[in-house]
Amino acid sequence: MKKPHLGILLKPTSSDCNLSCDYCYYRGVREIYPDADRPRMSLEVLEEVCLQYRALEPADIKLGWQGGEPTLMGLDFFKKAIEVEGRNARSGDCWGNSLQTNGLTLDDDWCGFFARHHFLVGLSVDGPAELNGTRRFPNGRPTHHLVMRAAERLKKHQCEFNILVVVSAANVGQPEAVFRFLTENELRFSQCIPCTEPAGDGERLTPHSITGDQWADFMIRFFEAWVAHDDPGYYNRHVDNWLHLYLGLPPESCEYRPDCSNLVTVEWNGDVYPCDFFVQERYRMGNVLEDTLEHMLQGRPFRDFVKRSEQAPAMCGDCRWLWACNGGCWRQRGKLGLDGQAKPYMCEANQRIFEHVFDKLDSLKDGPEGSQLHAFLKDLQRRVASGEFDAVPRERSAAGPAAAGGRGRLRRNDPCPCGSGRKFKQCCMSSATGNHLSC
């Protein structure tokens, strides 16, 4: 069996962490492993993961290390992990490693190791110190100054790293302050994820979670700050994926892809789950010490999970943005009890975001010259039209936005073909269903 686009997320310390962040979604995993006071992944488990993963012949071999806090494994473990990867490599292989960390353990030895072995490091911080209070030690002490010290060390060693911002009740009202924090500290690569954690059954959320409206407000204002800064050298993952969608290219993030079949999570003891947001006993696929990844990917738990995640509610069928959001991330439907016929949690938020962002990109691209973003968008459009990118544009209806490189498809601001004299987006676009094929 081949699984060319599969990535593996490893949780070598499970939920064990040296912080006690108020909004942490992973602390509940302790209930699954109540006897593991200090869970640590063995090299035997890692060896099996690498062996079985390589047997699936992935096109890009990608291991992501997360937690909890994965650096609690110690640097020696990761040095041995590189050796394990090497033993399971074939001619021409390049094993890619990423690691998400709170940064508290990072000294020069860690940063030098990451640089030598080309780790992509994700550093968690939610903005300036006054917006970062949710991320704290168990005794309540703040962490911001320590995280920023880690950022400087990563820069010193020329490590590739990005910033992970959790958008919670603590910072959701301050998107401009978050963006300013990134630019003032030359943190050019970032991603934002919304805190939407359930509090028990049904649709009840934790006090730290945000609403769909708050998420839309935050990301629209963050995007406007990005536009006003006029520097495409500042990368944000959501903005980048919106550009992919706008240009008719497959999005990178699973949030905007039509299925959830290209990532699995491996816990410290070898247990396998379909997603790190669904590490629950009912989603357990098996264990690498008892079964193979190939067999687990064909098993009922995984197939049922993927099937349910693919089924957008019936109400999404006539939505003009279905091609872009595919009914929304399964995390914000399945975990919140919103599967079936209920409206996806981020439904209106995604509609507002796409409408605003794509209109703005239209005006930037088709407007007067002079801004860096105008030149950037025109160059991207030219490169897409010339076929420079390896990604194949998704087949979709005429309702898709302008970007298919200008290859004769209707654009949102083009005159509607029905002859009404109005723009396509203000007329028949709303009734054109965005059917797509899997990338």
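Residues numbered from 1 in each chain as written. Predicted model: local features only at pLDDT ≥ 70, side-chain atom pairs only at ≥ 80, totals over all residues. Heavy atoms only, no water.

1. Here's the deal with the confidence of the model for the protein
- On average, residues of the protein score 88 in pLDDT, and 88% of them are at 70 or above.
- Across residues 424-439, where pLDDT falls below 50, the model places 49 contacts with residues more than four positions away in sequence or in other chains. (pLDDT = per-residue confidence, 0-100. Contact = heavy atoms within 4.5 Å.)

2. A word on the pairing of strand β4 (residues 120-124)
- Most of β4 sits out of view: four of its five residues are buried.
- Direction of pairing for strand β3 (residues 95-101) relative to β4: parallel, over a ladder of four bridges. Bridge pairing links Leu99 to Val121 in β4.
- The parallel pair β3 and β4 is bridged by helix α3 (residues 108-116), and the resulting crossover is right-handed.
- Of the strand pairs in this sheet, β4 and strand β5 (residues 160-167) are connected by five bridges, and their pairing is parallel. Pairing of Leu120 across the sheet is with Glu160, part of β5.
- Running through helix α4 (residues 144-156), the crossover from β4 to the neighbouring parallel element β5 is right-handed. (Buried < 20%, exposed > 50% of the residue type's maximum accessible area, 1.4 Å probe, protein only. Helix = DSSP H or I, 4+ residues; strand = E, 2+ residues; numbered from the N terminus. Pairing = 2+ DSSP bridges. Right-handed = clockwise from strand over helix to strand, strands pointing away.)

3. Thoughts on the nonpolar core
- Counting residues in each nonpolar core, the largest one holds 110 residues, and the members touching the most others are Ile8, Trp65, Phe114, Trp242 and Phe358.
- Counting residues per element, this core draws most heavily on helix α6 (residues 212-229), which supplies 10 residues.
- Excluding anything up to four places from it in sequence, Trp242 contacts Met219, Phe223, Tyr256, Ile353, Phe354, Val357 and Phe358.
- Core analysis: the second largest hydrophobic core is formed by six residues, Tyr26, Val29, Tyr273 and Val279 among them. (Core = buried A, V, L, I, M, F, W, Y, C linked by side-chain atoms within 4.5 Å.)

4. A closer look at the environment of Trp65
- Mapping Trp65 onto the fold places it in strand β2 (residues 61-65).
- Assessed through its relative accessible area of 0%, Trp65 is described here as buried.
- Expressed as a C-alpha distance, the spacing of Trp65 and Val121, which sit 56 residues apart in the sequence, is 9.5 Å.
- Within the local environment of Trp65, its side chain forms a polar contact with the side chain of Asn97, the two groups lying 3.0 Å apart. (Polar contact = N/O pair within 3.5 Å; in protein donor to acceptor, adjacent residues only side chain to side chain.)

5. So, the packing of helix α5 (residues 175-184) against α6
- Put simply, α5 and α6 touch, their axes get as near as 8 Å, and they point 40 degrees apart. The pairing of α5 with α6 is recorded here as oblique in orientation. Seen along the crossing, α5 lies across α6 with a hand that is right-handed. Of α6, the residues touching α5 (which contributes Pro175, Glu176, Val178, Phe179, Leu182 and Thr183) are Phe218, Arg221, Phe222, Ala225, Trp226 and His229. (Axes fitted to C-alpha atoms, helices over the stretch in contact; angles between N-to-C directions. Parallel < 35°, antiparallel > 145°, perpendicular 65-115°, else oblique. Left-handed = near helix turned anticlockwise from the far one by under 90°.)

6. So, the side chain of Glu267
- Tracing the backbone through its elements, the reader meets Glu267 in strand β8 (residues 263-267).
- Although Glu267 lies buried, it forms no salt bridge, and the closest oppositely charged side chain, Lys11, sits 6.4 Å away as judged by the N-O distance.
- Here the side chain of Glu267 touches Ser14 through a polar contact of 2.8 Å, side chain to side chain. (Lys, Arg positive; Asp, Glu negative; His and termini not counted. Salt bridge = Lys/Arg side-chain N within 4 Å of Asp/Glu carboxyl O.)

7. Regarding α6
- Between its first and last C-alpha atoms α6 spans 26 Å; for 18 residues at 1.5 Å apiece the expected length is 26 Å, and the two agree.
- Those residues of α6 that fall on the buried side of the exposure criterion are Gly212, Trp215, Ala216, Phe218, Met219, Ile220, Phe222, Phe223, Ala225, Trp226 and Val227. (Expected span 1.5 Å × (residues − 1).)

8. Brief notes about the packing of helix α7 (residues 237-246) against helix α12 (residues 347-366)
- Interhelical geometry of α7 versus α12 gives an angle of 70 degrees and a closest axis separation of 11 Å. Considering the angle they form, α7 stands roughly perpendicular to α12. Every residue of α12 that contacts α7 at Trp242, Leu243, Leu245 and Tyr246 is listed here: Ile353, Phe354, Val357, Phe358, Leu361, Asp362 and Lys365.
- Partitioned by chemical class, the residues of the contact of α7 with α12 number nine nonpolar, no polar and two charged. (Nonpolar A, V, L, I, M, F, W, Y, C, P; charged D, E, K, R; others polar.)

9. Re the sheet that holds strand β1 (residues 7-11)
- With mixed pairing, the 10 strands of this open sheet are ordered in space as β7-β6-β5-β4-β3-β2-β1-β8-β9-β10. One side of each edge strand has no neighbouring strand; the edge strands of this open sheet are β7 (235-236) and β10 (286-287).
- Here strand β9 (residues 271-273) runs beside β10; their pairing, made up of two bridges, is antiparallel. The partner of Asp271 across the bridge, within β10, is Asn287.
- Packing against the sheet, α6 makes contact with β5, β6 (189-194) and β7, and its axis sits at approximately 165 degrees to β6.

10. Looking at α12
- Taking 1.5 Å per residue as the helical rise, α12 with its 20 residues ought to reach 28 Å, and the 28 Å between its terminal C-alpha atoms agrees with that figure.
- Those residues of α12 not exposed but buried are Cys347, Ala349, Asn350, Ile353, Phe354, Val357, Phe358, Leu361, Asp362, Leu364 and Lys365.
- As for α12, its buried residues are in contact with α6, α7, α10 (322-325) and α13 (372-385).

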